[in-house]
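Analysis of the macromolecular model
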Amino acid sequence: MSLGASLTLDYWRHVKSFSHRLSTIPGRLAKAVAARDALPMKSVSVEPVGIKDVARAAGVSPATVSRAFGRGPISPELRAKVEAAARAIGYRPNLSARRLRSQDTRTIGLMVADIRNPFFTAVSRAVEDIAYAQGMRVILCNTDEDPDREAFYMQAMQEERVTGLIFAPTRITLQAMEQGFALDLPTVLVDRASPQCGHDAVMIDNRRAAALLVDHLASRGFTRIAGLFGAASTTGVERQAGYAAALKARGLPDLSRLISPSAAAAEAALPELWREARPDAVITSNSLLASGLLKALRARTLRVPDDIALATFDDEPWTSLVDPGLTALAQPVDQIGQEAMRLLADRIRNPRAETRIVLLPGRLVERGSSRRTSN
């Protein structure tokens with residue numbers, strides 16, 4: 001017999017043997033199931049581990065365990081002993097019950113106006129990082145610049161008994177605050193506020209930052225500087241005011257528009273703006289508007305900065321990746337998050353303290369989009 005024939009015969013022998021073993025599996029499984037079902041069933045009751053079990057394991061009283069998990073007066077050594085005993089026996093505190101008993105839920109509410117806006121994404125990350133480092137949780141809500149959603153989430157924050165709230169209010173809600181409406185919990189506003197709002201706040205100096213962009217463009221010889229500003233918040237309105245004041249000081253025309261703070265709105269605004277104002281430069285009040293405007297400019301084959309210069313608020317990662325890179329007003333988002341958490345901690349400790357508004361400076365990042373060309 002040849003070597004090839006021998007190998008073929010061995011192969012089919014293995015196949016036949018394997019097939020036979022496969023055919024016996026159902027019978028063997030049936031016997032195993034029958035044997036299992038014949039065994040007497042035992043009822044097993046698992047009792048939940050409670051505070052008394054932790055107390056016995058740690059050799060302390062239940063009251064001491066409650067103080068250890070409730071952040072009551074107890075030495076660090078004793079707290080560590082209780083926590084080690086709890087881990088050893090698998091005890092997990094009932095957080096829901098603890099929140100009902102305590103005024104401090106170790107939870108921060110964070111309500112942002114538009115999570116798609118990279119500014120609010122970055123601020124949310126900064127707040128969450130600090131809260132995590134302090135052993136606190138964050139409940140994040142996106143209001144989408146909608147006062148109805150805002151009211152719904154404010155009610156939810158009350159029901160969740162959050163320790164404090166960091167909040168970017170809509171223009172309508174901020175106006176209500178100026179007329180006496182106050183939230184019944186420690187609150188810090190971010191990005192938009194006013195001296196009459198009755199709450200602590202942290203934001204950049206919007207008027208000064210807008211003037212900085214105008215001065216930058218005007219110093220390069222641009223004289224018809226248009227502006228697209230978000231209409232849903234006081235932030236856009238304040239930036240428009242700073243823009244208008246800077247233009248007036250230079251004797252230049254105000255070519256601004258208040259629009260919805262979205263990329264689609266900026267894209268739709270360009271045809272009319274170009275037809276009526278024929279600007280040689282544009283300022284946008286956030287990076288979403290800048291992205292929409294760029295899309296519209298490319299659709300009309302208008303080149304930046306040869307046909308029109310562009311500068312925007314918010315120095316996002318993508319603004320340095322387009323060609324040319326966008327001149328931008330960078331906001332200190334990490335510092336905004338840190339200041340918001342600091343103000344909130346101070347407000348929780350001292351509810352009757354005077355309100356404070358912290359204004360932070362922006363930073364101009366100059367790139368090719370605002371370069372003056374021979375055209």
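Residues numbered from 1 in each chain as written. Predicted model: local features only at pLDDT ≥ 70, side-chain atom pairs only at ≥ 80, totals over all residues. Heavy atoms only, no water.

**Looking at the overall build of the protein chain**
Formally: For the purposes of this entry, the term helix denotes a DSSP run of H or I that reaches at least four residues, the term strand denotes a run of E that reaches at least two, and both are numbered from the N terminus. Exposure classes here rest on a 1.4 Å probe applied to the protein chains alone. A residue is buried below 20% of its type maximum, exposed above 50%, and partly exposed in between. The accessible surface values rely on the Shrake-Rupley method and a 1.4 Å probe; as for residues, cover is taken only from the protein chains in view.
A tally of regular secondary structure across the protein chain gives 13 helices and 12 strands. Sorting the 375 residues of the protein chain into buried and exposed places 44% on the buried side. Only carbon and sulfur atoms are counted for the fraction: they give 55% of the accessible area of the protein chain, which is about 20,300 Å².

**Details of the confidence of the model for the protein chain**
Put simply, the rule reads: pLDDT is a per-residue confidence score from the predictor, ranging from 0 to 100.
The predicted model of the protein chain has a mean per-residue pLDDT of 85, with 83% of residues at 70 or higher. Per-residue pLDDT, averaged within each element of the protein chain, yields its smallest value for helix 1 (residues 3-38) (50) and its largest for strand 8 (residues 281-284) (98).

**As for the pattern of salt bridges**
Rules: Salt-bridge detection follows one rule: a side-chain nitrogen of Lys or Arg within 4 Å of a carboxyl oxygen of Asp or Glu.
Following the criterion strictly, the structure yields 20 salt bridges and no others. Linking Arg-192 and Glu-145 is a salt bridge whose minimum nitrogen-to-oxygen distance equals 3.2 Å. On the criterion of sequence distance, the pair formed by Arg-192 in the loop between strand 4 (187-190) and strand 5 (200-204) and Glu-145 in the loop between strand 2 (137-142) and helix 7 (147-159) is long-range, its members being 47 residues apart. A single burial state applies to Arg-192 and to Glu-145, both of which are buried.

**Some details on the pairing of strand 6 (residues 225-230)**
The following threshold applies: The criterion for strand pairing is that DSSP finds at least two bridges linking the strands in question. Whether a crossover is right-handed depends on one test, that the path from the first strand over the helix to the second runs clockwise when the strands point away from the viewer.
Judged by how many residues are buried, strand 6 sits mostly within the fold: six of six residues are covered. Residues Ile-225, Gly-227 and Phe-229 line one face of strand 6 and the alternating positions Ala-226, Leu-228 and Gly-230 line the opposite face, and both faces are buried. As paired strands, strand 6 and strand 8 are joined by four bridges and run parallel to one another. Each bridged residue has a counterpart across the sheet, and for Leu-228 the counterpart in strand 8 is Thr-284. Looking at chain direction, strand 6 and strand 7 (residues 255-259) are connected through five bridges and run parallel. Along strand 7, the bridge assignment pairs Leu-228 with Arg-257. Since strand 6 and strand 7 lie parallel, the crossover through helix 10 (residues 234-250) that links them has a hand, and here it is right-handed.

**A few points about the pairing of strand 5**
A large share of strand 5 lies buried, amounting to five of its five residues. Side chains Asp-200, Val-202 and Ile-204 of strand 5 all project onto a buried face; the interleaved residues Ala-201 and Met-203 project onto the opposite face, where all are buried too. Note: strand 4 against strand 5, three bridges, orientation parallel. The partner of Val-188 across the bridge, within strand 5, is Asp-200. Relative to strand 11 (residues 357-360), strand 5 runs parallel, the two being bridged by four bridges. Among the inter-strand pairings, Met-203 is bridged to a residue of strand 11, identified as Leu-359.

**Some words on the sheet that holds strand 11**
So the rule is basically this: Here an axis means a line fitted to C-alpha atoms, over the contact stretch when the element is a helix, while the angle between two N-to-C directions is reported on a 0 to 180 degree scale. What makes two residues a contact is simply this: any of their non-hydrogen atoms within 4.5 Å.
Taken together, the six strands give an open sheet; going across it, the order is 2-1-3-4-5-11, and neighbouring strands pair in parallel fashion. Every other strand in the sheet has two partners, leaving strand 2 and strand 11 as the edge strands with one partner each. Each adjacent strand pair in this sheet contributes to an overall mean axis angle of 15°, direction not counted. Bridge count between strand 1 (residues 107-112) and strand 3 (residues 164-167): four bridges; the pairing is parallel. Opposite Gly-109, over in strand 3, you have Leu-165 as the bridge partner. Packing of helix 7 onto the sheet brings it into contact with strand 1, strand 2 and strand 3, and relative to strand 1 it is tilted by some 180°.

**Side note on helix 2 (residues 51-58)**
What counts, and what does not: Read the arc as the range of directions from the helix axis to the C-beta atoms.
Val-54, Ala-55 and Ala-58 are the residues of helix 2 that are buried. The buried side chains of helix 2 occupy one side of the element, clustering within an arc of 100° when seen end-on. Residues of helix 2 that are exposed and angled more than 90 degrees away from the buried face: Lys-52 and Arg-56. As for helix 2, its buried residues are in contact with helix 3 (62-69) and helix 4 (76-89). Backbone geometry just after helix 2 places Gly-59 at a positive phi near 75°.

**Topic: the packing of helix 9 (residues 206-218) against helix 10**
Spelled out, the test is: Under this scheme an angle from 65 to 115 degrees is roughly perpendicular, one under 35 degrees roughly parallel, and one over 145 degrees roughly antiparallel; angles in between are oblique. Take the far helix as the reference: if the near one is turned anticlockwise from it by less than a right angle, the crossing is left-handed, and if turned clockwise, right-handed. Here the term charged refers only to Asp, Glu, Lys and Arg, the term nonpolar to Ala, Val, Leu, Ile, Met, Phe, Trp, Tyr, Cys and Pro, and the term polar to all other amino acids, Gly among them.
The geometry of helix 9 relative to helix 10 is characterised by a closest axis approach of 7 Å and an angle of 45° between their N-to-C directions. Comparing the axis directions of helix 9 and helix 10 gives the class oblique. Considering the relative orientation of helix 9 and helix 10, their crossing is right-handed. Along its contact with helix 9, which presents Asn-206, Arg-207, Ala-210, Ala-211, Val-214, Asp-215 and Ala-218, the element helix 10 presents Thr-235, Glu-238, Arg-239, Ala-241, Gly-242, Tyr-243, Ala-246, Leu-247 and Arg-250. For the contact of helix 9 with helix 10, the residue count by class is eight nonpolar, three polar and five charged.

**Digging into unusual backbone geometry**
Here the amide bond leading from Val-304 into Pro-305 is cis, since omega sits at 0°, within 30 degrees of zero. Put simply, Asp-323 and Pro-324 share a cis peptide bond, and its omega is 0°. Inspection of the secondary structure assignment puts Pro-324 in the loop between strand 9 (309-313) and strand 10 (327-330). The residue Arg-161 is not glycine, and still its phi comes out positive at about 55°. Structurally, Arg-161 is set in the loop between helix 7 and strand 3. With relative accessibility at 30%, the residue Arg-161 sits in the partly exposed group. Unusually for a residue other than glycine, Arg-278 sits at a positive phi of about 45°. As for its position among the elements, Arg-278 is in the loop between helix 11 (263-277) and strand 8.

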